[in-house]
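The residues making up each chain are set out below.
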Amino acid sequence: MPEDCGPEAAPDAQVAGDLCMSREQMLDLGQKALELVVGRFENLPGENAWEGEFRQVLKDQLFEDPPEDGRPAAEVIERAAREVLPFTLRNDHPRSFGFIPSSPTWPGVVADLMAAGYHVNQCTWLVASGPSQLELVVIDWMRRWLGYPEGAGGLFTSGGSAASVDAFVAAREAAGHPERATVYMSDQSHSALSRAAMIVGVRRDRIRMVPSDTSFRMDMDALARAVADDRDAGLGPIAVAANAGTTGTGAIDRLEELADFCAAEGLWLHVDAAYGGFAVVTEQGKRLLRGIERADSIGLDAHKWFFQPYEAGCLLVKDEETLKDAFAVRPDILQDTVWGANHPNFSNLGLQLSRSVRALKVWMSIQTFGMAAFRRAVSNGMELSARAEDYVRESPVLEAMCAVTLGVVCFRVNPAGEDLDEEVLDKVNRTVLARMFWDDPAFMSSTLLRGTFVLRMCIINHTTTWDDVRETLEAVERFGSEAVRAGKRSG
Ligand SMILES: Cc1ncc(COP(=O)(O)O)c(C=O)c1O
């Protein structure tokens, strides 16, 4: 590498190597970046879980033409760290409880740096045999955790959305690609699933949102009726997407019954375990998710409850051939990639050709900490959410809105003895959420359960402590009591 290249090099060195840096420059910049990132990790607990800025402010700050000449690299990353990166939800903050949080381990973060630095394109065996073997290893670990048989396989994806698309492609092909295809999911399913169905060509009006029961699990009778009605109408049911942890409440559909039903009906069973799936590494999770191993495909996100940086989704299928059949194409331009015997090409199992080596982060962090530590970290979320549920049920101010199964707690402010009507409760709880947003370091989100506004905490961060959870619930109680008193004064 030329010693004199890079932005700080002589400005007239404009021919070869304009986009290079010297070893010293690379190390300097890398060191600076590492210090910023490690500093962020260290300072996280003392900061707010959320920081955002309005568009006009950020536009004024950032909107500009790309500079014709480079600037000192250190200034550029300082600017990124000052003007861009802080304005986010800090998903890994110990009090980040909104949506589905994510708290990566440091070896996972470093693995992404290495994957970028080694510049792996994890597409085919020819191009990346070492990383391909590593992906086989990690997918095989997951296969065993999930209880899948030998012959099962899968791949890393960008996330749960992409895993759902790949799964529905496999389902559609296994069903012989019927023209009037229908798919079934519950009214609690993540929007990624209906979007995936649309992407694979299922018309919107043929995506059946099967009602859920009082525990937010798919109503099996309603599912059976919907499938029968569609068959009578000449439609082509291809797949049922079950939930192993709904995003709203953490509910788990009846996986055994669904497997029986799908087997009898000749339907593909996909289980969306994007956030809940990694609970299988614990005994409790394995019990809760019993039956998952009977699904034709399972989507799960290591960037949710398995402590990896984005993006680390996975799709596993019970029979790897179903994915190979679904995605098989043989372009001439890639003919050289058929190299050696029994060398799998991951790009033939899903929608991406160029792919980063996502398995590396899972592998490096498990190698570093060991499975026992991962099991404890997953259990931490289960224990804290169970404790939060107890707290809510004992609180004179709060009301539990669903049973806690997989790390999600739904509740609302509804002080005992106040007898507040639904309209008032809706207003009070929206006020509480707004107060949490502006006046408390924690971040939580809300959802609607059967039309009722509820507060929602997802407690799956491995650095979260009981004090984080308790103090957040205490803040909700405080803001709730204040909102109720204010409501009485004004009305
Ligand atoms: C249950 C569930 N399924 C699917 C998704 C979509 O996954 P991703 O955001 O990784 O694409 C999510 C995201 O939160 C989810 O919670």
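Please read these numbers as outputs of a predicted model, since none were measured by experiment. (Residues numbered from 1 in each chain as written. Predicted model: local features only at pLDDT ≥ 70, side-chain atom pairs only at ≥ 80, totals over all residues.)

**Some points on the overall build of the chain**
Applied cut-off: A run of H or I in DSSP becomes a helix once it reaches four residues, and a run of E becomes a strand once it reaches two; helices and strands are each numbered from the N terminus. In this scheme the burial state of a residue depends on its C-beta neighbours within 10 Å: 20 or more other such atoms mean buried, 12 or fewer mean exposed, and anything in between means partly exposed; the C-beta positions come from the backbone. With C-beta atoms placed from the backbone, a contact is any residue pair whose C-beta atoms sit within 7 Å.
For the chain, the count of helices and strands is 16 helices and 11 strands. Overall, the chain is about 75 × 60 × 45 Å in size when its C-alpha atoms are taken along their principal axes. In the chain, buried positions account for 46% of the 491 residues. Expressed as a percentage of contacts within the chain between residues at least 6 apart in sequence, the contacts between residues at least 24 apart total 73%.

**Some points on the confidence of the model for the chain**
Detail in the predicted coordinates should be disregarded across regions flagged by low pLDDT. The criterion, for reference: For every residue, the predictor states its confidence as a pLDDT score lying anywhere from 0 to 100.
Of all residues in the chain, 97% attain a pLDDT of 70 or more, and the chain-wide mean is 94. Low pLDDT, under 50, characterises residues 1-7; the predicted model gives this stretch 22 contacts beyond four residues in sequence or across chains. Counting interchain partners and residues more than four positions distant, the pLDDT-below-50 stretch residues 9-15 has five contacts.

**Observations concerning the sheet that holds strand β4 (residues 236-243)**
We apply this condition: When DSSP locates at least two bridges between a pair of strands, those strands are taken to pair. Helix axes are fitted to C-alpha atoms over the stretch in contact, other axes to C-alpha atoms as well, and angles between N-to-C directions run from 0 to 180 degrees.
One open sheet holds the seven strands; their spatial order is β1-β7-β6-β5-β4-β2-β3, and the pairing between them is mixed. What marks the edges here is a single partner per strand, and that holds for β1 (153-157) and β3 (207-210). When the angles between neighbouring strand axes are averaged without regard to direction, this sheet yields 20 degrees. Contacts from helix α9 (residues 255-265) reach β4 and β5 (268-272), with the element oriented near 155 degrees to β5.

**Concerning the sheet that holds strand β11 (residues 452-458)**
Taken together, four strands build an open sheet; the order of strands is β8-β9-β11-β10 and the sheet is antiparallel. Among the strands making up the open sheet, the edge pair consists of β8 (398-400) and β10 (445-449). Mean inter-strand twist for the sheet, computed between neighbouring axes without regard to direction, equals 45 degrees. Sitting on the sheet, helix α14 (residues 371-394) touches β8, β9 (408-413) and β11, and the angle it makes with β9 is about 20 degrees.

**Re the domain arrangement of the chain**
Just so we agree on the cut-off: What marks off one domain from the next here is an automatic or database domain assignment. Residue polarity follows a fixed list, in which Ala, Val, Leu, Ile, Met, Phe, Trp, Tyr, Cys and Pro are nonpolar, Asp, Glu, Lys and Arg are charged, and the others, Gly among them, are polar.
Taken domain by domain, the chain holds domain 1 (21-51 + 88-102 + 370-491) and domain 2 (120-368). Computed from C-alpha coordinates alone, the two centres of domain 1 and domain 2 are separated by 29 Å. With 22 residues of domain 1 in contact, the opposing surface of domain 2 contributes 24 residues. For the side of domain 1 that touches domain 2, the secondary structure elements donating two or more residues are α14, β9 and β10. Ranked by residue count, the leading element in the side of domain 1 that touches domain 2 is α14, at eight residues. By residue class, the composition of the side of domain 1 that touches domain 2 is 14 nonpolar, seven polar and one charged.

**Points about helix α8 (residues 220-232)**
Counted only if it meets this: Helix span is expected to be 1.5 Å times the residue number reduced by one.
Taking 1.5 Å of rise per residue, the 13 residues of α8 would be expected to cover 18 Å, and the 18 Å separating its terminal C-alpha atoms lies within 8% of that figure. Just downstream of α8, Gly-234 is the residue with a positive phi angle, here 80 degrees.

**With respect to the pairing of β3**
Applied cut-off: The handedness of a crossover follows from its direction of travel: if, with the strands pointing away from the viewer, the path from the first strand over the helix to the second runs clockwise, the crossover is right-handed.
Examined bridge by bridge, strand β2 (residues 181-186) and β3 share four bridges and lie parallel to one another. In the strand pairing of β3, Ser-186 is matched with Val-210. Note on the crossover from β2 through helix α7 (residues 191-199) to β3: the handedness is right-handed.

**Some points on the pairing of β10**
Relative to β11, β10 runs antiparallel, the two being bridged by five bridges. Its bridge partner lying in β11, Ser-446 is registered against Leu-455. The hairpin turn running from β10 into β11, its antiparallel successor, is two residues long, and Arg-450 in that turn takes a positive phi close to 50 degrees.

**Some details on unusual backbone geometry**
For the bond running from Tyr-310 to Glu-311, omega is 5 degrees, close enough to zero to count as cis. Take Glu-311: it is sitting in the loop between α11 (302-305) and β7 (313-317). Located in the positive-phi region is Phe-307, a residue other than glycine, with phi close to 65 degrees. Of note, Arg-450 is a non-glycine position whose phi angle comes to about 50 degrees, a positive value. You can see Arg-450 is positioned in the loop between β10 and β11.

**Notes on α7**
What counts here: An arc is given here, and it is the one of the directions from the helix axis to the C-beta atoms.
Those residues of α7 not exposed but buried are Ala-192, Leu-193, Ala-196 and Ala-197. Taken down its axis, α7 places every buried residue within 140 degrees of arc, on the same side. Residues of α7 that are buried sit in contact with α6 (160-174), β2, β3, β4 and β5. At the exit of α7 stands Gly-201, carrying a positive phi of roughly 100 degrees.

**Brief notes about the environment of Leu-267**
With respect to the helices, strands and loops of the structure, Leu-267 is situated in the loop between α9 and β5. Overall, the presence of 23 C-beta atoms within 10 Å leaves Leu-267 in the buried class. Remark: the alpha-carbon pair of Leu-267 and Ile-238, spanning 29 residues in sequence, is separated by 5.4 Å.

**So, the packing of α8 against α9**
The following threshold applies: In these notes the angle categories are as follows: under 35 degrees is roughly parallel, over 145 is roughly antiparallel, 65 to 115 is roughly perpendicular, and the rest is oblique. For any helix crossing, the convention is left-handed if the near helix is rotated counterclockwise from the far helix by under a right angle, and right-handed if that rotation is clockwise.
Contact pair α8 / α9: the axes reach a minimum separation of 11 Å and the direction vectors enclose 15 degrees. Relative to α9, the element α8 is oriented roughly parallel. For the element pair α8 and α9, the recorded crossing hand is right-handed. Of α9, the residues touching α8 (which contributes Met-220, Leu-223, Ala-224 and Val-227) are Glu-257, Phe-261 and Glu-265. Here the contact of α8 with α9 is built from residues that sort into five nonpolar, no polar and two charged.

**A few points about the packing of helix α5 (residues 129-146) against helix α13 (residues 359-369)**
Relative orientation of the contacting elements α5 and α13 amounts to 65 degrees, with a least axis distance of 9 Å. Between α5 and α13 the crossing geometry is left-handed. Contacts between α5 and α13 involve Pro-131, Leu-134, Glu-135, Val-137 and Val-138 from the first element and Ala-359, Leu-360, Val-362 and Trp-363 from the second. For the contact of α5 with α13, the per-class residue count stands at eight nonpolar, no polar and one charged.

**With respect to the nonpolar core**
To be explicit about the condition: To form a nonpolar core, buried Ala, Val, Leu, Ile, Met, Phe, Trp, Tyr and Cys residues must be joined through C-beta atoms within 7 Å.
Formed by 129 residues in total, the largest nonpolar core has its most connected members in Phe-168, Val-183, Val-240, Leu-269, Ile-292 and Leu-316. No other element matches the nine residues that α6 contributes to this core. Here this core spans two domains, since at least three of its residues come from each of domain 1 (21-51 + 88-102 + 370-491) and domain 2 (120-368). Apart from the residues lying within four places of it in its own chain, the contact partners of Val-240 are Tyr-184, Leu-223, Leu-258, Cys-262, Leu-267 and Leu-269.

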